[in-house]
Amino acid sequence: FVNDTLQNLFVLSFQKPYDDTVLAIISSLCGINDRILHMNDSQIILIRSSKLPLSPEKSREIASALSDTLLADAYTRVHISYYKSCQSLAELLLAYTRSMAANRIGSYSFSSNIHPYMNLGLAGIAALLSEEKSKEFLKDQLKGFSFMSLDEEMRTTIRAFLDCDLSVSDAASKLFIHRNTLNYRLDKFEKQHGLNLRSFSDAALVQLAIFIESGLS
């Protein structure tokens, strides 16, 4: 941290190992004082320098530019997360921890590929729970319910229904199925697990369980 320059950390996660083309594209979008850190073959940390704190809109603009350019020029999809501008090493470490949590939970749980930590909402609770507390919650509140133990069709159905704010019509359209088919699946899930996804309280519990399980994976 030099001359009151702020640091802005972005976590970029790829579904498969990235190549030199990806690195070249990211480098072309960086300034002279920005840094690119290789974490592993599918994850990069980008640290952008700025004189002033980045607004939420500016941070999203940077993330979107990276995402759109990588998709257009390298045919590569990336999940990008971030926290806020940092003035010290301690803040940068906190930004790293929270951005990593947002990336892990966001890429698992949301349809969008841009994951600001501040926008996690309910998922932010899951990000703050320890592994012990997470397992305790799943055991006590949901009797050990595991989203990943469901078959792919049911997982896709639940994701769509939650993403559509519990709207049967919207979720059915998103899934390209009839409303009756969706209702059948929701009834089947309730019968098997005792959770009525049409109920806000049960839906919130299941959504939180999904976030928590993603943090444990």
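Starting from 1, residues in each chain are numbered consecutively following that chain's sequence as written. The predicted nature of this model means local features are confined to residues of pLDDT at least 70 and side-chain atom pairs, given and counted, to a pLDDT of 80 or more, with totals for whole chains, interfaces and linings taken over all residues. Hydrogen atoms and water are omitted, and side-chain values are computed over all heavy atoms in the structure.

## Let's talk about the overall build of the protein chain
Spelled out, the test is: By definition, any uninterrupted DSSP run of H or I lasting at least four residues is a helix, any uninterrupted run of E lasting at least two residues is a strand, and each is numbered from the N terminus. For the exposure calls, accessible area comes from a 1.4 Å probe over protein chains only, and a residue counts as buried if that area is under 20% of its type's maximum, exposed if over 50%, partly exposed in between. Throughout, a residue-residue contact means that at least one pair of heavy atoms, one from each residue, lies within 4.5 Å. His is not counted here, nor are the chain ends, while Lys and Arg score as positive and Asp and Glu score as negative. Where a charge sits is defined by one atom per residue type, namely NZ (Lys), CZ (Arg), CG (Asp) or CD (Glu).
Secondary structure assignment for the protein chain yields 9 helices and 5 strands. Reported as C-alpha extents along the three principal axes, the dimensions of the protein chain are approximately 60 × 35 × 30 Å. Scored against the burial criterion, the 217 residues of the protein chain give a buried share of 44%. For the protein chain, the proportion of contacts with a sequence separation of at least 24, taken over those separated by at least 6, is 64%. Counting 22 positive and 24 negative side-chain charges, the protein chain places the averaged centre of each group 2 Å from the other.

## As for the pairing of strand β3 (residues 43-50)
To be explicit about the condition: We treat two strands as partners when DSSP finds at least two bridges between them.
In terms of burial, β3 is largely enclosed, as 7 of its 8 residues are buried. Relative to β3, strand β1 (residues 6-14) is paired through 8 bridges, and the arrangement is antiparallel. Across the sheet, Phe10 pairs through a bridge with Leu46, a residue of β3. Two strands pair when backbone bridges link them, and strand β2 (residues 35-40) and β3 are joined in this way by 5 bridges, in the antiparallel orientation. By the bridge assignment for β3, Leu37 is matched with Ile45. Between β2 and the antiparallel strand that follows it, β3, lie 2 residues.

## Things to note about the side chain of Thr157
Here is the rule: What qualifies as a polar contact is a pair of N or O atoms within 3.5 Å, subject to a donor-acceptor requirement within protein and to the restriction that residues adjacent in sequence count only when both atoms come from side chains.
Considering the arrangement of structural elements, one finds Thr157 in helix α6 (residues 152-163). Among the polar contacts listed, one links the side chain of Thr157 to the backbone oxygen of Glu153, at a separation of 2.8 Å.

## Some details on the packing of α6 against helix α8 (residues 179-193)
For the record, the criterion: Here an angle of 0 to 180 degrees is reported between the N-to-C directions of two axes, which are lines fitted to C-alpha atoms, with helices fitted over the stretch in contact. Orientation is classified from the angle alone, with under 35 degrees giving roughly parallel, over 145 giving roughly antiparallel, 65 to 115 giving roughly perpendicular, and any other angle giving oblique. Nonpolar residues are Ala, Val, Leu, Ile, Met, Phe, Trp, Tyr, Cys and Pro. Charged residues are Asp, Glu, Lys and Arg, and all others, Gly as well, are polar.
Running from amino to carboxyl end, α6 crosses α8 at an angle of 105°, the nearest separation of the two axes being 11 Å. When the interaxial angle is binned, α6 and α8 end up roughly perpendicular. Counted together, Glu153, Met154, Thr157, Ile158 and Phe161 of α6 and Leu182, Arg185, Leu186, Lys188 and Phe189 of α8 form the full contact between these two elements. Among the residues forming the contact of α6 with α8, the class breakdown is 6 nonpolar, 1 polar and 3 charged.

## Topic: a nonpolar patch on the surface
The criterion, for reference: The patches reported here contain residues having more than 30% relative accessible area and no salt bridge. Joining distances are 9 Å for like charges and 5 Å for nonpolar side chains (Val, Leu, Ile, Met, Phe, Trp, Tyr). Here, Shrake-Rupley sampling with a 1.4 Å probe gives the accessible areas, and only protein chains in the shown set may cover a residue. By convention in these notes, a salt bridge is any Lys or Arg side-chain nitrogen within 4 Å of a carboxyl oxygen on Asp or Glu.
Together, Leu37, Met39 and Tyr96 make up an exposed nonpolar region whose accessible area comes to about 230 Å². Structurally, Leu37 is set in strand β2. A residue is classified by how much of its surface remains accessible, and Leu37, at 37% relative accessible area, is partly exposed.

## So, the nonpolar core
The nonpolar side chains of a soluble globular protein tend to be buried with one another. Here is the rule we go by: Only buried residues count toward a nonpolar core. Its members are Ala, Val, Leu, Ile, Met, Phe, Trp, Tyr and Cys residues joined through side-chain atoms within 4.5 Å.
Judged by nonpolar contacts, the single largest core of 42 residues is most densely connected at Phe145, Ile158, Leu182, Phe189 and Val206. Counting residues per element, this core draws most heavily on helix α9 (residues 200-216), at 7 residues. Ignoring anything within four residues of it in the chain, the contact list for Phe145 reads Leu138, Leu150, Phe189, His193, Val206 and Ala209. If you look at the next biggest cluster of nonpolar residues, it comprises 20 residues, including Phe14, Leu70, Val78 and Ile80.

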